[in-house]
Amino acid sequence: MADISPLLPVSSSDGSSDLTGQATCRRPIKVVVSIFFGLLTVGLFAALLIRNNGSVDYVDVHENERGSLASMAFEKAENLKPVSRGLAAGVSEKSNWVFGGDLPDHPWNNSMLSWQRTAFHFQPEKNWMNDPNGPLFYKGWYHLFYQYNPNAAVWGHIVWGHAVSKDLIHWLHLPLAMAADQWYDKNGVWTGSATILHDGKIVMLYTGSTTEGVQVQNLAYPADQYDPLLVHWVKYPRNPVLVPPPGISPNDFRDPTTAWLTSEGKWRITIGSKINKTGIALVYDTKDFINYEMLDGLLHAVPGTGMWECVDFFPVSETENNGLETSINGPGVKHVVKASLDDDRHDYYAIGTYNNRNGTWIPDRPNIDVGIGLRYDYGIYYAAKTFYDQNKKRRVLWGWIGESDSEAADVKKGWASVQSIPRMILFDKKTGTHLLQWPVEEIDSLRLKGKEFNQVRIQAGSVVPLDIDSATQLDIIAEFKIDSDALEKATGSSDASFDCATSGGAAERGALGPFGLLVLADERLREQTPVYFYMTKGSNGNLKTFFCNDQSRSSKASDVDKHIYGSLVPVLRGENLSIRILVDHSIIESFGQGGRTVITSRVYPTKAIYGAAKVFLFNNATELNVTASLKIWQMNSAFIQPYPNL
C-alpha cells in the first residue's frame with residue numbers, strides 16, 4: 001500500500017465529484033477582486049512605459065540585429081494560425097501551426113522526415129509530447145515527466161510520460177506515470193510540479209480536467225518512496241484537493257507550482273488564472289497538501305496579459321554563481337515570476353521582491369513586468385519549468401519546443417515536439433535585469449572532434465565557408481570583434497524602432513549589420529538559417545544590439561514557419577559579441593551574450609540535410625568589417641531508449 005505518512009490528517013471529503021472545494025479563504029473573493037483592481041491601476045501605468053517590446057535601454061550598452069544574404073526567391077508561408085485542439089476546454093493551443101490559404105503540403109519523403117528527428121534532445125520514441133512536468137533529482141536519478149499522447153502525433157489524450165537519467169543527457173524511458181483514468185482527470189492529466197518534503201519524500205500536485213471539463217488540482221505520490229526510479233504512482237483517493245474558487249472560470253485554474261516554505265512553516269503554492277484579460281497568480285498555503293487556505297491577495301497580476309499558464313516562482317542569488325533551493329529568502333536574494341501566456345504562447349519573466357508575510361511579489365522594473373517585458377526565449381519555446389538540482393546546487397530550466405511544420409508532416413513522421421537542452425539559470429549580476437541561461441555542463445560530454453578558426457576577417461558584404469565535415473549535430477562557440485573605427489565613423493540614425501521580427505531578415509543590409517553565422521545551409525545557399533547580430537546607432541551616438549534568427553530562407557518548403565525571431569541583447573562596455581549555437585537536425589538553440597538573450601528555432605530544410613548541411617560566416621553590413629574566432633565541435637548522439645527489463 002502506498003505510504004501517505006507525509007500527509008497530515010485527511011479532509012472530510014468523501015471523494016465524490018462534488019466540486020464545492022476544500023480550500024478555505026481568509027476573506028470572500030470580493031476582497032481578492034478589490035486587490036486585483038488596485039493592481040490593475042498600477043499595471044496600466046506600467047503598460048504605458050513599455051517600449052521596444054519591453055526591452056531596456058542601457059547607457060553603456062550597444063545592441064544589434066538583422067540581416068543576411070542573397071535576395072533569392074523563396075516561397076513564404078502566410079496566414080499562420082493554430083488548430084483549435086484545447087482552447088474550448090480552457091487549455092492552451094497545444095498544437096503546432098498550420099497554414100491558411102491554398103498552400104499545399106510539401107512532398108516530404110522519408111529521408112527528409114527521418115533527418116528531422118533530433119540526436120541529443122529528449123523526445124519520446126513516437127507520438128506527441130508537450131509541457132515538462134515535475135522535474136526533480138531523487139536517489140541518484142534525474143526524473144522528467146511530460147505531457148504525452150500515447151495514441152497519436154497530435155495533441156489529444158494527455159497522460160504523463162516518464163523518463164530518468166543520470167546526467168540530464170542520456171535518458172531511459174519508463175512506463176507511463178499517470179493515466180487519465182479518474183473522474184477528476186478523465187479529460188487530461190495536465191501540468192504539475194513535484195515538491196520534496198523535509199524527510200525527502202515526494203508529493204506531486206497536478207491539474208486534472210474532469211469529466212465535465214473543470215480544471216481541478218490533484219495530489220499524487222510514489223507508491224514506493226524507496227524506489228529510486230519512482231515507477232509507480234498513486235493518486236490521492238479523495239482528489240481533487242483544490243477546485244476553482246468563486247469568481248474564477250472553471251477553465252482558468254491550472255498548473256500548480258513547486259511548493260515553498262513560509263516563515264510560519266507552511267507550504268505555499270501559486271496557480272495560474274485570469275480575471276477578464278488580466279493574468280493572475282493565486283496563492284494557497286497548506287500544511288498537509290490536502291487542506292488549503294487561499295490567501296487574501298494575489299502573488300501578482302498584470303493587466304492585458306490574459307491567462308497565465310505554467311506559472312513558476314523561484315529565488316535567485318544576487319551574489320553567488322549557484323542556484324537556490326525554492327524556499328530560500330533573505331538578503332541578497334531576488335525572486336523570479338514566470339508565466340506562460342496562453343494568448344501568445346511565449347514565456348515571460350521578471351525579477352523582483354517577494355513579501356513572505358502576505359505572499360505578494362513586486363517587480364523591480366514595472367516597465368518590464370511579467371508578460372510585457374523579457375522572455376526566456378524569443379523563438380519556439382513554451383511551458384518552461386525549473387527545478388532545484390540539489391545534486392549540483394543549481395537551478396535547471398526545462399522547456400517544450402513545439403513543431404512549426406504542417407500537422408500532416410508530423411503524422412507522417414510519427415512524432416511531434418521535443419524538450420530543450422536543460423539550461424542552468426542564474427541572475428545576471430552585470431545587468432541586474434536579466435537572467436542568464438546556459439546549456440547544462442553535461443552537454444559538453446557529447447563533444448567529439450573540434451575545430452578552431454582564429455581571427456577570421458569577414459569583410460563587409462562577404463560570406464566565408466567553414467570547413468566542417470558534417471554540420472547537422474554541432475556545438476558552436478563564436479566571438480566577434482568589431483572595427484572600433486567603423487563604429488565611431490558610422491552615421492547616427494533614428495532607427496530606434498528596429499525589430500527582428502518585422503525586419504527584412506539577414507538579407508537587409510545596414511551600416512553595422514547583420515553579421516554572424518549561417519547554419520543548416522546548403523553549398524549554394526538556397527537554404528540557410530542565419531543566426532546573427534544587427535547594430536543600430538542612434539542620432540545621439542548610442543548603440544543598440546539585436547540578436548536574431550532568420551528562418552525566412554530555412555527551407556524550400558512552403559508549409560513551414562519562416563518567421564524571423566529575436567530581440568535586443570544587452571552588450572556592456574568592453575564586451576565582445578558572443579554566440580553559442582547548438583544545432584541538432586531540425587532544432588537550433590542560440591545563446592547570445594552568455595545567455596542574456598536566447599532563441600530557439602525549428603527548421604525543416606529539404607536540401608541542407610545530411611552531408612549537404614554546411615556552416616558559413618557572413619557579414620552583410622555595408623560599413624563594418626568583423627573579425628571572428630570560433631570553435632566548432634561535432635556532437636555525438638545521446639543514448640535515449642527504454643529502461644531494460646521494465
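Calculation notes
Residues numbered from 1 in each chain as written. Predicted model: local features only at pLDDT ≥ 70, side-chain atom pairs only at ≥ 80, totals over all residues. Heavy atoms only, no water. Helix = DSSP H or I, 4+ residues; strand = E, 2+ residues; numbered from the N terminus. Buried < 20%, exposed > 50% of the residue type's maximum accessible area, 1.4 Å probe, protein only. Areas by Shrake-Rupley, 256 points an atom, 1.4 Å probe, with all protein chains shown as cover. Pairing = 2+ DSSP bridges. Contact = heavy atoms within 4.5 Å. pLDDT = per-residue confidence, 0-100. Core = buried A, V, L, I, M, F, W, Y, C linked by side-chain atoms within 4.5 Å. Domains from an automatic or database assignment. Disulfide = S-S within 2.5 Å. Polar contact = N/O pair within 3.5 Å; in protein donor to acceptor, adjacent residues only side chain to side chain. Phe/Tyr/Trp six-rings, centres within 6.5 Å; stacked < 30°, edge-to-face > 60°. Salt bridge = Lys/Arg side-chain N within 4 Å of Asp/Glu carboxyl O. Axes fitted to C-alpha atoms, helices over the stretch in contact; angles between N-to-C directions.

K.L.:
For this particular structure, what's the right way to read the overall build of the protein chain?
P.N.:
Tallying secondary structure elements over the protein chain gives four helices and 39 strands in all. The burial tally for the protein chain puts 63% of its 646 residues in the buried class. Accessible surface, the protein chain: about 22900 Å² in total, of which carbon and sulfur atoms supply 51%.

K.L.:
Is there a simple way to explain the pairing of strand β26 (residues 435-439) in this structure?
P.N.:
On a regular strand, each side chain points to the face opposite its neighbour's, so the side chains alternate between the two faces of the sheet. Residues of β26 alternate between two faces, with Leu435, Gln437 and Pro439 buried on one and Leu436 and Trp438 left unburied on the opposite face. Where strand β25 (residues 423-427) meets β26, five bridges bridge the pair, whose relative direction is antiparallel. By the bridge assignment, Phe427 is partnered in β26 with Leu435.

K.L.:
Hey, could you run me through the environment of Asn356 in this one?
P.N.:
Looking at where Asn356 falls in the secondary structure, it is placed in the loop between β18 (346-355) and β19 (360-363). Sequence-wise, Asn356 and Asn329 are 27 residues apart; in three dimensions their C-alpha atoms are separated by 8.3 Å. Those residues in contact with Asn356 that lie beyond four places of it in its chain are Leu261, Thr262, Ser263, Arg268 and Asn329.

K.L.:
Which parts of the structure should I look at to understand the confidence of the model for the protein chain?
P.N.:
When pLDDT drops low, the exact placement of atoms in the prediction is not to be read closely. Averaged over the protein chain, the pLDDT score is 88; the fraction of residues at 70 or greater is 83%. Every residue in residues 25-33 is under pLDDT 50, and counting partners more than four places away or in other chains gives 14 contacts. Taken together, the stretch residues 42-82 has pLDDT below 50 and engages in 166 contacts with residues farther than four places along the chain or on a different chain.

K.L.:
What is the right way to look at the nonpolar core in this model?
P.N.:
Proteins that are soluble and globular tend to have nonpolar side chains buried together. Ranked by size, the top nonpolar core spans 71 residues in total, and within it Phe480, Leu517 and Leu630 carry the most contacts. Here this core spans two domains, since at least three of its residues come from each of domain 1 (132-405 + 413-439) and domain 2 (448-635). Leu630 has contacts with Lys451, Glu452, Phe453, Leu466, Ile476, Ile477, Ala478, Leu517 and Leu617, leaving out every residue within four places of it along the chain.

K.L.:
I tried to follow unusual backbone geometry on my own but got confused; where do I start?
P.N.:
One can expect most non-glycine residues to show negative phi and most peptide bonds to be in trans. Following Asn239, the chain continues into Pro240 via a peptide bond in cis, with omega recorded as 0 degrees. A cis amide bond links Gly513 to the next residue, Pro514, at an omega of 10 degrees. Within the secondary structure layout, Pro514 lies in the loop between α4 (484-489) and β30 (515-521). Despite not being glycine, Phe289 shows a phi value in the positive range, around 65 degrees. Tracing the chain through its elements places Phe289 in the loop between β14 (278-286) and β15 (292-302). We classify Phe289 as buried; its relative accessible area is 1%. In this model, Tyr610 sits at a positive phi of 50 degrees, which is unusual for a non-glycine residue. The topology assignment puts Tyr610 in the loop between β36 (597-602) and β37 (614-619). Tyr610 sits in the partly exposed class, given a relative accessible area of 38%.

K.L.:
I tried to follow the state of the cysteines on my own but got confused; where do I start?
P.N.:
A covalent bond between the sulfur atoms of two cysteines is what we call a disulfide. Tallied over the entire structure, the rule returns one disulfide. The disulfide bridge from Cys500 ends at Cys548, spanning 2.2 Å between sulfur atoms. In this structure, the disulfide formed by Cys500 and Cys548 twists by about -65 degrees around the S-S bond and is classed as left-handed. With Cys500 in the loop between α4 and β30 and Cys548 in strand β32 (residues 543-550), this residue pair connects regions lying 48 residues apart in the sequence. Classification of Cys500 as buried rests on a relative accessible area of 1%.

K.L.:
Help me understand the side chain of Thr258 in this model?
P.N.:
Note on placement: Thr258 falls in the loop between β11 (233-235) and β12 (260-261). Separated by 3.2 Å, the side chain of Thr258 and the backbone oxygen of Ala194 make a polar contact. Sequence-distant contacts of Thr258, defined by excluding residues within four places in its chain, comprise Ser193, Ala194, Thr195, Arg268, Thr326 and Lys385.

K.L.:
Quick question: what am I supposed to make of the packing of aromatic side chains here?
P.N.:
The relative placement of two aromatic rings is captured by the distance of their centres and the angle of their planes. Enumeration according to the criterion identifies 27 aromatic pairs in this entry. Note on Trp171 and Trp398: the rings are 5.7 Å apart at their centroids and 65 degrees apart in plane angle, and the pair reads as edge-to-face. Pair noted here: Trp171 is in strand β7 (residues 171-178) and Trp398 is in strand β22 (residues 394-401), with a separation of 227 residues, a long-range link. Clustering of aromatic rings is evident, with ring pairs tying together Phe122, Tyr146, Tyr148, Trp171 and Trp398.

K.L.:
How should I be thinking about the side chain of Ser552 in this particular structure?
P.N.:
As for its position among the elements, Ser552 is in the loop between β32 and β33 (564-568). For Ser552, the side chain forms a polar contact with the side chain of Asp550, separated by 2.6 Å. One polar contact links Ser552 to Arg553, side chain to side chain, over a distance of 3.1 Å.

K.L.:
What exactly am I supposed to notice about the environment of Pro107 here?
P.N.:
Tracing the chain through its elements places Pro107 in the loop between β3 (97-99) and α2 (110-116). Between the alpha carbons of Pro107 and Asp559 there is a distance of 10.0 Å; along the sequence they are 452 residues apart.

K.L.:
How should the pattern of salt bridges be read in this particular structure?
P.N.:
Oppositely charged side chains are able to pair whenever their charged atoms sit close together. According to the stated counting rule, one finds 32 salt bridges in the structure shown. Close ionic contact of Arg254 with Asp342 constitutes a salt bridge, the shortest N to O distance being 3.2 Å. With a gap of 88 residues between them, Arg254 in the loop between β11 and β12 and Asp342 in the loop between β17 (333-341) and β18 connect regions that are remote in the sequence. Since its relative accessible area comes to 1%, Arg254 is described here as buried. In this structure, the salt-bridge partner of Asp364 is Lys334, at a minimum N-O distance of 3.2 Å. Here Asp364 is found in the loop between β19 and β20 (374-375), whereas its partner Lys334 is found in strand β17, with 30 residues between them in sequence. Residue class for Lys334 comes out buried when judged on its relative accessible area of 15%.

K.L.:
So what exactly am I meant to see when it comes to the sheet that holds strand β28 (residues 462-466) here?
P.N.:
Strand pairs in the sheet, formed through backbone hydrogen bonds, run parallel or antiparallel to each other. Strands sit in the order β28-β37-β30-β31-β32-β33 across an open sheet of six strands; the sheet is antiparallel. For this open sheet the edge positions go to β28 and β33, each flanked by a neighbour on one side alone. Mean inter-strand twist for the sheet, computed between neighbouring axes without regard to direction, equals 20 degrees. The pairing of strand β31 (residues 529-537) with β32 spans seven bridges and is antiparallel. Across the sheet, the residue bridging to Val531 is Asn549, located in β32.

K.L.:
Quick question: what am I supposed to make of the sheet that holds strand β9 (residues 202-209) here?
P.N.:
The four strands are arranged β8-β9-β10-β11 in an open sheet whose pairing can be described as antiparallel. Whereas interior strands pair on both sides, the edge strands pair on one side only; in this sheet they are β8 (189-196) and β11. Strand-to-strand twist across the sheet, computed as the mean angle between neighbouring axes with direction ignored, equals 30 degrees. As judged from the three bridges shared by strand β10 (residues 215-222) and β11, these two strands associate in the antiparallel manner. Within β11, the residue paired with Ala220 across the bridge is Lys235.

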